[in-house]
Amino acid sequence: MTSRQIVWNDLDKKKYYFWGCTVFLGIRVCVYPTNLIKTRLQVQKGTDVYRGSWDAFLKVFKSEGILGFYRGFPVFALGVLFGQAYITTYEYTKHKCSHMNLIMQGLLPGCIASVAGQSLSVPADVITQRLQIQGMKKSVPSKVDLLGTQKSPARGSLKAVCRNIMKHDGVSGFYRGYFISLMSNVPTSGIWWASYNVLLREIGQYFEADSLGTHKMPVQATCGVLSGAVSALATNPLDVLRTRIQTGGSRSLVKATQKLWSEEGIHMFTKGLTARAMSMSTSSLLIILGYETVKRLSYKHQHEHNISEQYY
């Protein structure tokens, strides 16, 4: 039996949005700690604060406790809504690109969806990252690259952080690093979906389809993890620059790149890569398991097995 995917026209949209928000909120709870560690590793200068991912986990737990891993999470949780906008854009665009080859069916919709998602999520991203590094700034402020916030560190409540951003940067401060965010996340998204589509076809051909005629969950999960690793490796330097700019470094991409190169040298390409690969692989596993479950729960023809024709 040839494996296929459940596509946009197969979904009951009410069920799709309900289950989507519910499942992905749970996923965000699971992946947030590694996201916080990644941000702190990318912001520090050299290895003065944390020697690596495991060292960062231990130090955060020792100095800030369990809640330290969830600094800024309420704002991050809003990403559930932005995520729905992202995935809706992806699925709809993919439906319109069904005549293209397999790579383009992932690359183009993935890039377009990322632009839509980033336009909504960057302000929340900026605020979240400021909140994530508060514990770090409190202990060793001189060893963190926060040029734009050293005059008046934004510590405390969400309201205090927003007030600080408005005071020093105005409304544009909430879009700090917007274009570098696009430069980082657009190719990441495109590469992820293109890799996922190709891997799903190549790996999936060796396994039987499930009762709905689509790929089995273990196959989808494996492809998701591998896609996360591929996209993390390909775009890590851009993600480091995005994080530096959004947390208060120079707004100039050229200056930020020069400063990072002078501090890190060739290591700028791998800075925080282990944590990012862990974060993306973990989130990719959970996202694919969650998303494919949501699509199954939202499938309009549960008893018909009449999936739209999209073969792999």
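Analysis parameters
- Residues numbered from 1 in each chain as written.
- Predicted model: local features only at pLDDT ≥ 70, side-chain atom pairs only at ≥ 80, totals over all residues.
- Heavy atoms only, no water.
- Helix = DSSP H or I, 4+ residues; strand = E, 2+ residues; numbered from the N terminus.
- Buried < 20%, exposed > 50% of the residue type's maximum accessible area, 1.4 Å probe, protein only.
- Contact = heavy atoms within 4.5 Å.
- Areas by Shrake-Rupley, 256 points an atom, 1.4 Å probe, with all protein chains shown as cover.
- 1 Å grid on protein atoms, 1.4 Å probe; cavity = no way out; pocket = protein on both sides within 12 Å on 5 of 7 lines; lining within 4 Å.
- Points joined across faces, edges and corners; volume = space filled by probe spheres on them.
- Nonpolar A, V, L, I, M, F, W, Y, C, P; charged D, E, K, R; others polar.
- Phe/Tyr/Trp six-rings, centres within 6.5 Å; stacked < 30°, edge-to-face > 60°.
- Salt bridge = Lys/Arg side-chain N within 4 Å of Asp/Glu carboxyl O.
- Polar contact = N/O pair within 3.5 Å; in protein donor to acceptor, adjacent residues only side chain to side chain.
- Expected span 1.5 Å × (residues − 1).

Draft legend 1. Broad picture of the overall build of the protein. Counting its secondary structure elements, the protein contains eleven helices and zero strands. What you see in the protein, going N to C, is helices and strands ordered as α-α-α-α-α-α-α-α-α-α-α. Scored against the burial criterion, the 312 residues of the protein give a buried share of 53%. Pairs at least 24 apart in sequence give 80% of the contacts found in the protein among residues at least 6 apart. In the form shown here, the protein has an accessible surface area of approximately 14100 Å², with 65% of it arising from carbon and sulfur atoms.

Draft legend 2. Summary view of empty space enclosed by the protein. Going through the model one piece at a time under the given rule, you end up with three cavities of 30 Å³ or more. Approximately 1200 Å³ is the volume found for the largest cavity. Surrounding the largest cavity, 39 residues form its lining, R28, Q118, N185, S283 and I287 being those nearest its centre. When its residues are assigned to classes, the lining of the largest cavity shows 15 nonpolar, 18 polar and six charged.

Draft legend 3. Representation of the packing of aromatic side chains. Considering all chains together, one arrives at 17 aromatic pairs under this definition. Pairing Y32 with F73 gives two aromatic rings, centres 5.4 Å apart and planes at 80°, and the pair type is edge-to-face. With Y32 in helix 1 (residues 13-43) and F73 in helix 3 (residues 73-77), the pair connects residues that are 41 residues apart, well separated along the chain. An angle of 85° between the planes, with centres 6.0 Å apart, marks the rings of W193 and Y196 as edge-to-face.

Draft legend 4. Region of interest: the pattern of salt bridges. For the coordinates displayed, the defined rule picks out 14 salt bridges. A salt bridge links R51 to D55; its shortest N-O distance comes to 3.4 Å. Relative accessible area serves as the criterion here: at 66%, R51 is assigned to the exposed category. K259 is paired through a salt bridge with E263; the nearest N and O atoms lie 2.4 Å apart. Taken together, the positions of K259 and E263, both in helix 10 (residues 253-264) and four residues apart, correspond to about one turn of that helix. When salt bridges with common partners are traced through the structure, they connect K38, D125, D239, R242 and R276 into a single cluster.

Draft legend 5. Representation of the side chain of D210. Along the chain, D210 turns up in the loop between helix 8 (178-204) and helix 9 (217-246). On the accessibility criterion, D210 (16% relative accessible area) is buried. At 3.0 Å, the side chain of D210 and the backbone nitrogen of L212 are in polar contact.

Draft legend 6. Focus on helix 4 (residues 79-96). Look at helix 4: 25 Å from first C-alpha to last across 18 residues, which is about the 26 Å you get at 1.5 Å a residue. All buried positions along helix 4 are accounted for by G79, V80, Q84, I87, T88, Y90, E91, T93 and K94.

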